[in-house]
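# Understanding the architecture of this molecule
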Number of protein chains: 2
Amino acid sequence: MQNSRSKPCSCPSLKLREVASMYFTMVAAFLVILVVALQGSVPRGSDFPYKVPLDPQGLLELSWNVSYPEQAVNFQLLIRDLQFGLLFGMSDRGEFENADLAVLWSDGHNSYFGDAWSDAKGQLHMDSQQDYQLLGARRAPEGLYLLFRRAFSTCDPKDYLIEDGTVHLIYGILEKPVHSLQAINISALHGGLQRVQLLKPNISIPELPRDMKTMEITAPDVVIPSQETTYWCYMAELPEGFPKHHIIMYEPVVTAGNEALVHHMEVFQCAAEFDSFPHYNGPCDSKMKPDRLNYCRHVLAAWAMGAQAFYYPEEAGLAFGGPGSSRYLRLEIHYHNPLVFKGRRDSSGIRLYYTATLRPYDAGIMELGLVYTPVMAIPPGEDSFILTGYCTDKCTQLALPAAGIRIFASQLHTHLAGRKVVTVLSRDGKEQQVVNADRHYSPHFQEIRMLKEVVAVFPGDELITTCTYNTEDRSRATVGGFGILEEMCVNYVHYYPQTQLELCKSAVDPGYLHRYFNLVNRFNDEEICMCPQVSVPQQFDSIPWNTFNRDVLKSLYSFAPISMHCNKSSAVRFPGEWEKQPLPSITERLRERIPRCPPAPEPHPAAPIALNLGQLRR
Amino acid sequence: MQNSRSKPCSCPSLKLREVASMYFTMVAAFLVILVVALQGSVPRGSDFPYKVPLDPQGLLELSWNVSYPEQAVNFQLLIRDLQFGLLFGMSDRGEFENADLAVLWSDGHNSYFGDAWSDAKGQLHMDSQQDYQLLGARRAPEGLYLLFRRAFSTCDPKDYLIEDGTVHLIYGILEKPVHSLQAINISALHGGLQRVQLLKPNISIPELPRDMKTMEITAPDVVIPSQETTYWCYMAELPEGFPKHHIIMYEPVVTAGNEALVHHMEVFQCAAEFDSFPHYNGPCDSKMKPDRLNYCRHVLAAWAMGAQAFYYPEEAGLAFGGPGSSRYLRLEIHYHNPLVFKGRRDSSGIRLYYTATLRPYDAGIMELGLVYTPVMAIPPGEDSFILTGYCTDKCTQLALPAAGIRIFASQLHTHLAGRKVVTVLSRDGKEQQVVNADRHYSPHFQEIRMLKEVVAVFPGDELITTCTYNTEDRSRATVGGFGILEEMCVNYVHYYPQTQLELCKSAVDPGYLHRYFNLVNRFNDEEICMCPQVSVPQQFDSIPWNTFNRDVLKSLYSFAPISMHCNKSSAVRFPGEWEKQPLPSITERLRERIPRCPPAPEPHPAAPIALNLGQLRR
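Computed from a predicted model, the values in this text were never measured in an experiment.

This paragraph deals with the UniProt feature "domain: DOMON" (unreviewed entry) in chain A. Per the UniProt entry, the sites bearing "domain: DOMON" (unreviewed entry) are residues 58-174 of chain A in this numbering. Measuring from the first to the last C-alpha atom of residues 58-174 of chain A gives 16 Å, for a span that is 0% helix and 56% strand.

Okay, structure coming up:
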């Protein structure tokens, strides 16, 4: 028996076809008008408040703005030294395969622009729906400006969905003329990736007080080491007797010319328990670095590439100075120097804006997520294993004021296997809202991010933090802990008014984990030593990781009671019973937001657009 | 800190807006033309080969055709006694909530047509995208014909995705004038559901031989009982000495006027081991029914509402008659009489078309899926629990001819908890194609369905059948078995050439299930009796169904080795070792087909369309 499509289907649409053809003719005519119209209305540079260099030489500079009403991002790409075109785009984690790309290419005579995608082998294809909309192109002394626009969501399954959190941007430079999109060999391109938060929150800037002062914590004329990665440490100190102030804003100070090298910077306050700290100015991993600098871990300010100034809400500021707080600060700068430039000098750092007129509330930082303990482990070879840390109703009931707290910023943190981090607020078992979510999280891009919406948390609320890990490159289990090859799942939330609650985290009950080891042992006829002298990491190490043992570990983590750390400081718990606590149960989940396809402002031809740029380069 | 959307975003689109406005004006003008054009080209009845009554009185009659090139269904709905409009639509399982609806309504003066959806509370809303496209409306002596069209997939998340297999159609009648869509109270409507296979395969009809004869197996003037559900049994017999023939086609014979009452019909052949069977003509569940009729279970033909003639592929026919096969046939008719009509007489049945000129191959029927055994169980309270039955490479290697077999039709079967059934063909661990899938399967609608594509199965291939169950209304575990409250997971595949392999099914290894009972016992500190005299259903009954025990049962079923039934008949296995066989492993899954949104042949206004139907009824 064979299928036959030859039998003509009896559709009532003969006339429909004629009319539709008329329609598409109209549409095509309209498109020509539109492109011409847009090329006349090129926006100015000031329209693009966010800016980041794409490549380590700074030849490609991306600026952008976000239109939330239109659910679209407008891009301005400055190409300083245009050769025969370039690729710019987005992909899940910065790979060149399965990427969503805007391509400008030249055959040596004519230039073209088109929306393309790369398949799993890196082969380029023209998109059937053109969603990178070219808005204009402009030659200037510094290079070519290309302006284009992209809706957050296009409903084209080949396209990248622009979401909150990290976006991995990729670029590739065409060094030879190409005669068609298909002729581009993506693997042979000179290119790279840059991580940014594209969807910056649309925050109103609070009014700043008149008595505001500034203080620059900057590295003093450092020679950037000629190696790819350097963490530079510099100790600064506040004046003696410096009274309590509120930091109300801070911004980066990046030495001109080094914009592509300064990857991220943090200012830490040292522990108050030591009267003094030694001076230091050198690499953080140097043997010369005094051990005591390890006690400078309280974050005062953090900045990463592409981020702008950080503003505290007008009711709150971050306290520094005064009795009970250390005068010593540690500046840490991550220099990313993949082209191994030599002799570059740098004096970057962070400028703090502070006031002596204290605001109504001190801001605080609270740690959510998982306790640093090996009982929370990830089997090897997992592409997306999920661990969840809880801040329970019982803890918030005890530790939060009746009027609640307001979370206004968040910094997500894992070690190298982390791929996604999401914190959700739940009330009476019903998920209320996402506190912060990064579905393309990278451990190499840990910013403090202002939230789009301030989140109010009340006594009895639950904060549930979920981390997703990839251990495909590992052959042994990854346990929780402080080591770089161990894992963490943390959301540092910035909030006010400050409370005593510093840490609201959980881990599986160790007794139930012991039952798991026992069960695995019996079910698989394997010998796993259950002797008390064997450590949890050793027990995890001896598990044969078949699908059953993996699945049952997941089941254990989503069933077994938890040990809660509801702590005033990392070692002092609030009074109460915190062992063998029931897992918070969720009866109503937040709906996955179905990406809306914006009503198309114009139809999308599946053909590239020819540009009149003159000849690019011979 | 508050969000501010008041800061004007600097988009380069002032001119864009003007141009876009021009565009939408053009579009609106075009739309008017289109509707007028379509109303002029109303197709004739012969254009709609498939037909089904929607309501038990037959007042609503749906005909349709399917255009695979355009990925759309064209509907013609005949409304015999139009009052103030009606709702027609589709939903996951026939519920009125979360349904996708075309609505015709009248305020007593004017009539309107629109695409709407109902939310989880049954409240109607106008769809932002109008995907039921009105093609025309026509008054005729027998009633109003409404013609409309719907793409399989619309990419509107509120819309139903039309897939292969069962579609639950719903209808509701508006008995009073309504002034707006929102005013319709869906819960107060007179309405109902009808299950059909909308996406009929586009099969070419094989040439029929000249010597073809027909035989009608029909019930002799039955008075349909005045009760909602009756299964009627009637025994027929072939002439004595009737030689072997091939059934090459069959079709329903439905008594005129009873189209809405005859729900489905099957003809079974009795077991050859008995020389004779008693005559019988009465309800199948009657105490008067001879027990021996239970030995008439070999399906010769099956039809259900909305189905058309069934054709065997031209190389094959279903053997009947001749030595070694019983002369006795049992006709079973399911009468569905919810309005409890009295005294309706019926002589419906099935007309067999057969030939003495045997075709090259006998067709055969093979059972895929799960063995009928309590070791395969579903915990209570599950909304979609999955069980999988395997036909392994080892069995097909042994039992199939080198040239393979061709599967051309399939009948899916579960008991009352079944919700989805899917069989996939896998080769060397890679999924090749779907044999048959019904993601809206209903145990009340079990047709033999011709496949869109004949599936070739070769020695070494694997056939994996997955059933999804809902046990939310049950408080105890549901085990596998023959009882109506036990479960099955079966795909009867119709194929040729016939082989000795009648049954290729699996179940979990009982030893591993025993380990599961043990493990649950120890992990939960519960007392589950492991004594050998306690049956598997009793052991399942004593499990406390927490999430851990549920999850681990799932893990067990997807990990533990299986016991294979690779059988010549239900009791005779092929020689070989069939216990503790490894689970087939799948290294490459079939991609979920991403529903393509067809290029819109016209834009979709979000407003209802006014119709000029005159006044409907006062």
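So that's the structure; there's more coming.
All names here are of chain B. Scanning the entire structure with this criterion turns up 46 salt bridges over all chains. Put simply, Arg330 and Glu332 hold a salt bridge, and the shortest N to O gap is 2.6 Å. The buried category is assigned to Arg330, whose relative accessible area is 8%. Salt-bridge contacts for Arg550 lead to Glu382; the nearest nitrogen and oxygen are separated by 2.9 Å. Pair noted here: Arg550 is in helix H5 (residues 547-557) and Glu382 is in the loop between strand S26 (377-378) and strand S27 (385-391), with a separation of 168 residues, a long-range link.

Turning next to the side chain of Gln446 of chain A. Residue and element names in this part refer to chain A. Looking at the element boundaries, Gln446 is found in the loop between strand S30 (430-438) and strand S31 (448-457). A polar contact of 2.9 Å, which involves the side chain of Gln446, links it to the backbone oxygen of Pro443. Beyond its immediate chain neighbours, meaning those up to four positions away, Gln446 contacts Gln411, Leu412, His413, Thr414 and Tyr441.

To continue, consider the packing of helix H3 (residues 510-523) of chain A against helix H5 (residues 547-557) of chain A. All names here are of chain A. Across the interface, H3 lies against H5 with an axial gap of 11 Å and an inter-helix angle of 160 degrees. By the angle class used here, H3 and H5 are roughly antiparallel. For H3 against H5, the interelement crossing comes out right-handed. When H3 is examined against H5, the residues Tyr512, Leu513, Tyr516, Leu519, Val520 and Phe523 are found in contact with a partner set consisting of Phe548, Asn549, Val552, Leu553 and Leu556. Of the residues assigned to the contact of H3 with H5, the class counts are 10 nonpolar, one polar and no charged.

On to the sheet that holds strand S35 (residues 503-508) of chain A. Residue and element names in this part refer to chain A. Overall, mixed pairing links the seven strands, which are arranged S31-S28-S34-S25-S35-S36-S37 in an open sheet. Looking at the sheet topology across the chains shown, the edges are occupied by S31 and strand S37 (572-573). Note: strand S25 (residues 364-370) against strand S34 (residues 490-496), six bridges, orientation antiparallel. In the strand pairing of S34, Gly369 is matched with Val490.

This part takes up the pairing of strand S27 (residues 385-391) of chain A. Residue and element names in this part refer to chain A. Burial analysis of S27 places five of its seven residues in the buried class, which makes it a mostly covered element. Alignment of S27 against strand S32 (residues 462-469), held across seven bridges, turns out to be antiparallel. Directly across from Leu387, in S32, lies its bridge partner Cys467.

Our focus in this paragraph is the packing of aromatic side chains. Two aromatic rings, taken as a pair, are described by how far apart their centres are and by the angle between their planes. Scanning the entire structure with this criterion turns up 55 aromatic pairs over all chains. Residues Phe75 of chain A and Phe88 of chain A carry aromatic rings whose centres are separated by 5.4 Å and whose planes lie at 65 degrees to one another, so their mutual orientation is edge-to-face. Placement of the pair is Phe75 of chain A in strand S3 (residues 72-79) and Phe88 of chain A in strand S4 (residues 85-91), with a sequence separation of 13 residues. Of the residues examined, Phe75 of chain A reaches a relative accessible area of 0% and is grouped as buried. Between Phe559 of chain A and Phe523 of chain B the ring centres are 6.3 Å apart and the planes differ by 45 degrees, which places this aromatic pair in the tilted class. Here Phe559 of chain A, found in the loop between H5 and strand S36 (562-569), pairs with Phe523 of chain B, found in helix H3 (residues 510-523), and the two come from separate chains. Residue classification places Phe559 of chain A among the partly exposed residues on the basis of a relative accessible area of 22%. Taken together, the ring pairs in this structure connect Tyr250, Phe310, Tyr312, Tyr361, Phe408 and Tyr496 of chain A into an aromatic cluster.

Residue and element names in this part refer to chain A. With respect to the element layout, Tyr441 can be found in the loop between S30 and S31. In this structure the C-alpha to C-alpha distance between Tyr441 and Asn185, which are 256 residues apart in sequence, comes to 28 Å. The residues contacting Tyr441, other than those within four sequence positions of it, are Arg93, Thr166, Leu412, His413, Thr414, Gly418, Arg419, Lys420, Val421 and Gln446. Engagement of the side chain of Tyr441 in a polar contact is seen with the side chain of Gln446, the distance being 3.1 Å.

This part takes up the state of the cysteines. Under the criterion given, the structure shown has 10 disulfides over all chains. Disulfide pairing places Cys270 of chain A opposite Cys296 of chain A at an S-S distance of 2.0 Å. Measuring handedness by torsion sign, the sulfur bridge of Cys270 of chain A and Cys296 of chain A sits at about 95 degrees and is right-handed. Within this pair, whereas Cys270 of chain A is found in the loop between strand S16 (262-269) and strand S17 (281-283), its partner Cys296 of chain A is found in the loop between S17 and strand S18 (298-304), the two being separated by 26 residues in sequence. The side chain of Cys233 of chain B participates in a disulfide bridge whose partner is Cys284 of chain B; the two sulfur atoms lie 2.2 Å from each other.

Quick look at the pairing of S30 of chain A now. Residue and element names in this part refer to chain A. As defined by bridge partners, strand S29 (residues 418-427) adjoins S30 across seven bridges and the pair is classed as antiparallel. Across the sheet, residue Arg427 finds its bridge partner in S30, namely Lys430. Taking the residues between adjacent antiparallel strands as the criterion, S29 and S30 are bridged by two residues, where Asp428 takes a positive phi near 50 degrees.

Further remarks concern the domain arrangement of chain A. All names here are of chain A. Along its sequence, chain A is carved into domain 1 (50-200), domain 2 (203-359) and domain 3 (363-592). Of note, the centres of domain 1 and domain 2, computed from C-alpha atoms alone, are 33 Å apart. Taken together, the 11 residues of domain 1 in the interface contact 10 residues of domain 2. Here domain 1 and domain 2 share an interface that buries about 760 Å² over both sides, 67% of which is from carbon and sulfur atoms. Along the contact surface separating domain 1 from domain 2 lie zero salt bridges.

Residue and element names in this part refer to chain B. The mixed open sheet is built from seven strands, whose spatial order is S31-S28-S34-S25-S35-S36-S37. The open sheet has two edge strands with one neighbour each: strand S31 (448-457) and strand S37 (572-573). Both strand S25 (residues 364-370) and strand S35 (residues 503-508) contribute to a ladder of four bridges, which runs parallel. Across the sheet, Gly369 pairs through a bridge with Lys505, a residue of S35.

Helix length check: H3 of chain B, at 14 residues, gives a terminal C-alpha distance of 20 Å against a target of 20 Å (1.5 Å per residue), a fit within 8%. Taken together, the buried positions of H3 of chain B are Tyr512, Leu513, Tyr516, Phe517, Leu519, Val520, Asn521 and Phe523 of chain B. Close packing links the buried residues of H3 of chain B with H3 and H5 of chain A together with S35, helix H4 (536-541) and H5 of chain B. Among the residues trailing H3 of chain B, Asp525 of chain B stands out with phi positive, at a value near 55 degrees.

The next subject is the environment of Phe482 of chain A. Structurally, Phe482 of chain A can be placed in the loop between strand S33 (478-479) and S34. For Phe482 of chain A, the contacting residues outside a window of four places in its chain are Tyr372, His415 and Met488 of chain A.

The subject of this paragraph is unusual backbone geometry. Residues and elements named next belong to chain A. Between Tyr496 and the following residue, Pro497, the backbone shows a cis peptide bond with an omega angle of -10 degrees. Note on placement: Pro497 falls in the loop between S34 and S35. Despite not being glycine, Asp221 shows a phi value in the positive range, around 50 degrees. Position of Asp221 relative to the elements: it lies in the loop between strand S12 (213-218) and strand S13 (222-223).

The rules we used
- Residues numbered from 1 in each chain as written.
- Chains lettered and ligands numbered in written order.
- Predicted model: local features only at pLDDT ≥ 70, side-chain atom pairs only at ≥ 80, totals over all residues.
- Heavy atoms only, no water.
- UniProt positions renumbered as here; feature names shortened; annotations may be inferred.
- Helix = DSSP H or I, 4+ residues; strand = E, 2+ residues; numbered from the N terminus.
- Salt bridge = Lys/Arg side-chain N within 4 Å of Asp/Glu carboxyl O.
- Buried < 20%, exposed > 50% of the residue type's maximum accessible area, 1.4 Å probe, protein only.
- Polar contact = N/O pair within 3.5 Å; in protein donor to acceptor, adjacent residues only side chain to side chain.
- Contact = heavy atoms within 4.5 Å.
- Axes fitted to C-alpha atoms, helices over the stretch in contact; angles between N-to-C directions.
- Parallel < 35°, antiparallel > 145°, perpendicular 65-115°, else oblique.
- Left-handed = near helix turned anticlockwise from the far one by under 90°.
- Nonpolar A, V, L, I, M, F, W, Y, C, P; charged D, E, K, R; others polar.
- Pairing = 2+ DSSP bridges.
- Phe/Tyr/Trp six-rings, centres within 6.5 Å; stacked < 30°, edge-to-face > 60°.
- Disulfide = S-S within 2.5 Å.
- Domains from an automatic or database assignment.
- Buried area = accessible area lost by both parts, 1.4 Å probe.
- Expected span 1.5 Å × (residues − 1).

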